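# Summary of structural features
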Amino acid sequence: MGDVILTMKDIDKSFPGVHALDHVNFEVRRGEVHALMGENGAGKSTLMKVLTGIYQKDSGTITYKGQEVAFHNTREAQDNGIVIVHQELNMVGDLTVAQNIFIGREPKKGIRVDDKKMIEDSKKLFKDLNIEIDPREKMSNLTVGKQQMCEIAKAISHKAEVIIFDEPSAALTEKEIADLFVIIRDLREKNLGIVYISHRMDEIKVITDRVTVMRDGGYVGTLITKDSTKEDIINMMVGRVIYEDPKEHSMVAPDAPVVLRVENLNAGKMVQDVSFELRKGEILGFSGLMGAGRTETARALFGADPKQSGKISIMDKQSGQLKEVTINSPQDAVKYGIGYLSEDRRRYGVVVQKSVNENTTLATMEQFTSGIFINKAKEKEVSEKYIKELATKTPNGDQLVVNLSGGNQQKVVIAKWLTRDSDILIFDEPTRGIDVGAKNEIYKLMSKLAAEGKSIIMISSEMTEILRMSDRIIVMCEGKVTGNIDISEATQEHIMDKATRNIN
Amino acid sequence: MEKLKQNPIVKKLGLNRILLVCILILMFVVFKVVLGSKFPVGDSIKSTLNYVYFLGFLSLGVTFVIATGGIDFSIGPVMFCCALVSGYCMTSYKVPCAAAMVICVLIGLAFGIFNGWLVSYLSVPPFIVSMASMNIAKGIASVFTKTQSVSWPLASDPTNGWFRNIVSYKGFPVGLVIFLGAAIICGIILYNTKPGRYILCLGSNTEAVRLSGVDTKKWNMLSYVICGVLVGIGALFFVATYTTVQPGYGDQYNNEAIAGCVMGGTSMVGGLASIGGTVIGVFIISLLQQGIMAFGLGKGQQMIITGIIVIVAVYADVSARRRKN
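The model shown is predicted, which means the values in this text are computed figures rather than measured ones.

When helices and strands are tallied, chain A shows 17 helices and 24 strands. Here the C-alpha atoms of chain A give a radius of gyration of 24 Å, agreeing with the 23 Å that 2.2 N^0.38 yields for 504 residues. In terms of principal-axis extent, the alpha carbons of chain A reach across some 75 × 50 × 50 Å. Expressed as a percentage of its 504 residues, the buried residues of chain A come to 46%. Pairs at least 24 residues apart make up 69% of the contacts formed inside chain A by residues separated by at least 6 positions.

In structure tokens form, the structure reads like this:
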């Protein structure tokens, strides 16, 4: 580790009604990877936004390269060498890699863009980073991992001295994460200061030198990574130890009936001849790499996207027999008792500009209406019952969902399907972007639901999550089912082997 | 300012609406002071109200459409089409007045269904649909009436004069009561019923509502249907106050109705609508028209001013949202 390049001292920031940052301290040295950790809503992003000029601090000082600074926008921060690599990639899919890297500052030859120079410069950037990407390739043709590499190359091209990675691994496969770490280590060698924001404890241990933990907008402390354990860090974040061992055997009764049978489902390129069964009280994990067709399978099953063929049978509540059903729209699916919790909650799960109450009753309006009129008292009563039951953190049911954290938004979506009494719940990446503490609550909730006889399909890219929650695991690869493994036989290696089965 | 916002009375009424009422009163005072006798209080109020009636129904209607995140530029010409076709039925085909009134509303309904179906079920962008149906409405009216203006019966008409009672009865402003009543019903529909809830929610996030198992197409279409019916009713109030309608016009009322709606706090991106705000907005726009006329300015200036108001109101909404995020 070199000398200190950036110091944030006593940073204080309030929004109306929220004390977002309470005298926070943070420093970055040259040649270190410094993790910034904390639950969602702990203030990590706010702190980084203050640093890069998106927000203005109320008090405190930022010292960068020995001088006190206050940036007014990201452009200013960028020009001074502080760059964020965002979680959601900011790339234009239809442009080439080189065009994306030099967007807004294209090298000119007269009034024309000097394509040749742009491509040469990009090549040089990639060479320095040991990345193999053709700058002439269209951005949308690259994998998420490769796109992120481009984002990093772009940051470097700004002559960055401090790079902030905001949950860079959220959408990457294990292999891509390994590649990312090679690059980050390389940047560390080059004496850059690196801030690494992530929820994944394993990564923190592998890649970072120091860890600063925040909680509820306050500064908790800074640890040297190699001298501290996972439990130390987690305890600082939430103040309690978390149990993360894998499940050893299936919790489903051996005679539990099949509630859903999918046979030869075909929907576009991503879903080919998918067949599986879901039993009562089972948590069926769907594992696979990014783009294996798991979400597409779920959406086709739910009627959200059209399908070409396939037979879906669902247990009839009265007779207890499997019956073939036609699902052409989410309305059909909901009618047959299926609920879908999307991986992208803000886009597909909640109506963020509406209240918790309004979101809770969205799928069950008819239970809360007499004629066409809404019984708001009843709506409030039921919604508040679920707020209590699921321990949703919100001042009251009238709060707009946009003001809740990711984990609590997820609980609102769960409440929505519970009011419907759906028997089959599809959880698509149930804990993506959710902090450790809330994650655990979601896990407990899923286990409880399964124990009560609900059947759950859980799509997850996190191996620990799959191994911890599932009773059985379906592995998909390139649109096909390549594995169907009981939890007692499942290992990480076994699953990875199946998940890469079709790939040469 | 923050303190004022937290005041329970202000919170209940909405700071926006209080400000709008203040603007309305201020405008009236300014007009009176500047124009003096050219702006007689009684007559001005009366002519403002006359303008409010028909424009108010257009504005209420378009509020539903804008709440879904859509837009309807056909409301003005459709209103004229309603009045022209039904009026022509009465004057040339001897259809009784009461029946003509029903036809008038039904034509509005038909346009609502047509627009809503195209937007919701065929996914044609609302902007294009309403631009096209604006021309269709003008065309139908011209063809049907053979490009002649149509006059609805005068109050003195012994058999059909009664229909003007919808505006005023022996000096009592019946129109105001009907308009405010309609606004209250619209408010109840939007905030207290299932269709209203779905309209607002899908305006905010259509995909999330669809994935909750809601038939979003149906409810999206409904907003256009409601709008169509209200435009049909607006047409009745137009002819009951101004008697004569000419084919080929009506465009200017699009802007005025949308201005009233957006000024009242309904967001152009959908999901957020204020019926109370729309009502006040309509009063402001209507008073403004009277003021402009009293100043001796013409239609041209009127259009410039309303155009500017639309831009300012939408800009205010957009920048308020940006600050929030």
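Another point: the overall build of chain B. Scanning chain B for helices and strands turns up 13 helices and 2 strands. Relative to the 2.2 N^0.38 estimate, which gives 20 Å for 325 residues, the radius of gyration of chain B is 20 Å and therefore close to what a compact globule would have. When its C-alpha atoms are laid out on the principal axes, chain B stretches across 60 × 55 × 35 Å. Classification of the 325 residues of chain B by burial places 49% in the buried group. Put simply, of all contacts in chain B between residues at least 6 apart along the chain, 77% involve residues at least 24 apart.

With that out of the way, let us pick up the sheet that holds strand 17 (residues 322-325) of chain A. Adjacent strands of a sheet form backbone hydrogen bonds with each other and so pair up, either parallel or antiparallel. Residue and element names in this part refer to chain A. Read across the open sheet, the 4 strands follow the order 14-13-16-17; overall the sheet is antiparallel. Either end of the sheet is taken by a strand with one partner, and the two such strands are strand 14 (271-279) and strand 17. Within the sheet, the average angular offset between the axes of one strand and its neighbour, ignoring direction, is 15°. Of the pairings in the sheet, the one linking strand 16 (residues 309-315) to strand 17 comprises 4 bridges and is antiparallel in character. Paired with Met-315 across the strands is Leu-322, a residue of strand 17. Each of strand 13 (258-267), strand 14 and strand 16 touches helix 9 (residues 294-302); the most contacted strand, strand 13, lies at about 110° to it.

Turning next to the packing of helix 5 (residues 75-93) of chain B against helix 10 (residues 216-242) of chain B. Residue and element names in this part refer to chain B. At a closest axis distance of 8 Å, the pairing of helix 5 and helix 10 adopts a crossing angle of 65°. The two elements helix 5 and helix 10 meet at a crossing, and its hand is right-handed. On helix 10, the residues touching Ile-75, Val-78, Met-79, Cys-82, Ala-83 and Gly-87 of helix 5 are Val-231, Gly-232, Gly-234, Ala-235, Phe-238 and Val-239. Tallied by class, residues from the contact of helix 5 with helix 10 come to 9 nonpolar, 3 polar and no charged.

Before going further, it helps to examine the environment of B:Thr63. Residue and element names in this part refer to chain B. Within the fold, Thr-63 resides in helix 4 (residues 41-67). The exposure class of Thr-63 is buried, given the 31 C-beta atoms found within 10 Å. Along the chain, Thr-63 and Tyr-224 lie 161 residues apart, while their C-alpha atoms are 9.9 Å from each other. The contact partners of Thr-63, leaving out residues within four places of it in the chain, are Cys-261, Thr-266, Ala-273, Ile-275 and Thr-278.

What follows deals with the sheet that holds strand 22 (residues 455-459) of chain A. Residue and element names in this part refer to chain A. Strand order in the open sheet formed by 6 strands is 18-21-22-15-23-24, and the pairing between neighbours is mixed. Sheet topology places strand 18 (338-341) and strand 24 (480-486) at the edges, where each strand pairs with a single neighbour. Here the average twist between neighbouring strands, direction ignored, is 20°. Here strand 21 (residues 424-428) runs beside strand 22; their pairing, made up of 5 bridges, is parallel. The residue of strand 22 that forms the bridge with Asp-428 is Ile-459.

Take the packing of helix 4 (residues 115-129) of chain A against helix 5 (residues 144-157) of chain A next. Residue and element names in this part refer to chain A. Helix 5 packs onto helix 4 with a crossing angle of 105° between their chain directions and a minimal axis gap of 10 Å. One element, helix 4, and the other, helix 5, form an angle in the roughly perpendicular class. Here Leu-125, Phe-126 and Leu-129 of helix 4 lie close against helix 5, whose contacting residues are Ile-152, Ala-153, Ile-156 and Ser-157. Across the contact of helix 4 with helix 5, the residue classes break down as 6 nonpolar, 1 polar and no charged.

With that out of the way, let us pick up the pairing of strand 12 (residues 218-224) of chain A. Strand residues, when the strand is regular, have side chains that alternate between the two faces of the sheet. Residue and element names in this part refer to chain A. Pairing of strand 11 (residues 210-215) with strand 12 involves 6 bridges; the strand directions are antiparallel. Residue pairing in the sheet places Arg-215 in a bridge with Gly-218 of strand 12. Linking strand 11 to strand 12, which pair antiparallel, is a turn of 2 residues; within it Asp-216 sits at a positive phi near 50°.

Counting all residues, the mean pLDDT for chain B is 91, and 98% of those residues have values of 70 or more. On the interface metric, ipTM, the complex scores 0.84, and its pTM is 0.76.

In this section: the interface of chain B and chain A. Contact with chain B, which involves 18 residues of that partner, is made by 24 residues of chain A. Per element, the largest residue contribution to the side of chain B that touches chain A is 10 residues, and it comes from helix 9 (residues 194-210) of chain B. Grouping the constituent residues of the side of chain B that touches chain A by class yields 6 nonpolar, 7 polar and 5 charged.

Positive phi, close to 50°, is recorded for A:Lys65, a residue that is not glycine. Tracing the backbone through its elements, the reader meets A:Lys65 in the loop between strand 4 (59-64) and strand 5 (67-68). Phi is positive for B:Lys146, which is not a glycine, with a value near 55°. In this fold, B:Lys146 is placed in the loop between helix 7 (126-145) and strand 1 (150-151).

Among the nonpolar cores identified, the biggest contains 173 residues, and A:Ile456, A:Ile457, B:Leu58, B:Met79, B:Cys82, B:Ala83 and B:Val231 are the most heavily contacted of them. Considering every element that reaches this core, the biggest residue donor is helix 10 of chain B, with 16 residues. Within the second largest apolar cluster, 61 residues are counted, among which are A:Ile11, A:Met91, A:Phe165 and A:Leu192.

Residue and element names in this part refer to chain A. With 14 residues, helix 5 extends 20 Å between its outermost C-alpha atoms, agreeing within 8% with the 20 Å of an ideal straight helix rising 1.5 Å per residue. Where helix 5 is buried, its residues touch strand 6 (82-85), helix 3 (97-101), helix 4, strand 9 (162-166) and helix 6 (174-189). Lys-159 occupies a position one or two residues after helix 5 and carries a positive phi of about 55°.

Within an α-helix, residues lying three or four positions from one another point in the same direction, as the helix has 3.6 residues per turn. All names here are of chain A. Along its 15 residues, helix 4 runs 21 Å from first to last C-alpha, staying within 8% of the 21 Å computed at 1.5 Å per residue. By the burial criterion, the buried members of helix 4 are Met-118, Ser-122, Leu-125 and Phe-126. Taken around the axis of helix 4, the buried residues stretch over an arc of 95°, which confines them to a single face. Opposite its buried face, helix 4 presents the exposed residues Lys-116 and Lys-127, each directed more than 90 degrees away. Against helix 3, strand 8 (112-113) and helix 5 lie the buried residues of helix 4. Within two residues after helix 4, Asn-130 carries a phi angle of roughly 60°, on the positive side.

For the rest of this paragraph, the subject is the environment of B:Thr147. All names here are of chain B. Position of Thr-147 relative to the elements: it lies in the loop between helix 7 and strand 1. Remark: the alpha-carbon pair of Thr-147 and Gly-248, spanning 101 residues in sequence, is separated by 8.3 Å. Not counting residues within four places of it along the chain, the set of residues in contact with Thr-147 comprises Ser-142 and Pro-247.

Attention now goes to the confidence of the model for chain A. Confidence in the prediction of chain A, expressed as mean pLDDT, is 87, and 95% of residues score 70 or more. Taken element by element, chain A is modelled with least confidence in helix 8 (residues 230-238) of chain A, mean pLDDT 77, and with most confidence in strand 22 of chain A, mean pLDDT 95.

Take the environment of B:Val239 next. Residues and elements named next belong to chain B. For Val-239, the location among the structural elements is in helix 10. Overall, Val-239 belongs to the buried group, with 28 C-beta atoms counted inside 10 Å. Placed 185 residues apart in sequence, Val-239 and Phe-54 show a C-alpha to C-alpha distance of 9.0 Å. When near neighbours in sequence (up to four residues on either side) are disregarded, Val-239 contacts Ala-83, Gly-87, Trp-152 and Val-245.

Conventions and cut-offs
Along each chain, numbering runs from 1 in the same order as the chain's sequence is written. Chain A is the first chain written and ligand 1 is the first ligand written, with later ones labelled in order. Given that this is a predicted model, residues contribute local features only at a pLDDT of at least 70 and side-chain atom pairs are listed and counted only at 80 or more, while totals for whole chains, interfaces and linings are drawn from all residues. The numbering of helices and of strands both runs from the N terminus, where a helix is a DSSP run of H or I of at least 4 residues and a strand a run of E of at least 2. The reference for a compact globule is 2.2 Å times residues^0.38; the radius of gyration itself is calculated from the C-alpha atoms. Three exposure classes are used, all based on how many other C-beta atoms lie within 10 Å of a residue's own C-beta (placed from the backbone): buried at 20 or more, exposed at 12 or fewer, and partly exposed between those limits. In this description, a residue-residue contact is defined by the distance between C-beta atoms placed from the backbone, which must lie within 7 Å. Between any two strands, at least two bridges found by DSSP are needed for them to pair. Interaxial angles span 0 to 180 degrees and are taken between N-to-C directions of axes, which are lines fitted to C-alpha atoms, for helices over the stretch in contact. Should the near helix be turned counterclockwise from the far one by less than a right angle, the crossing is left-handed, whereas a clockwise turn marks it as right-handed. We call Asp, Glu, Lys and Arg charged. Ala, Val, Leu, Ile, Met, Phe, Trp, Tyr, Cys and Pro are nonpolar, and the rest, Gly among them, are polar. Roughly parallel means an angle under 35 degrees; roughly antiparallel, over 145; roughly perpendicular, 65 to 115; everything else is oblique. For every residue, the pLDDT score states the predictor's confidence, bounded by 0 at the bottom and 100 at the top. We call a set of buried Ala, Val, Leu, Ile, Met, Phe, Trp, Tyr and Cys residues a nonpolar core when their C-beta atoms link them within 7 Å. What a helix is expected to span follows from its residue count: subtract one and scale by 1.5 Å. The directions from the helix axis to the C-beta atoms are what the arc is built from.

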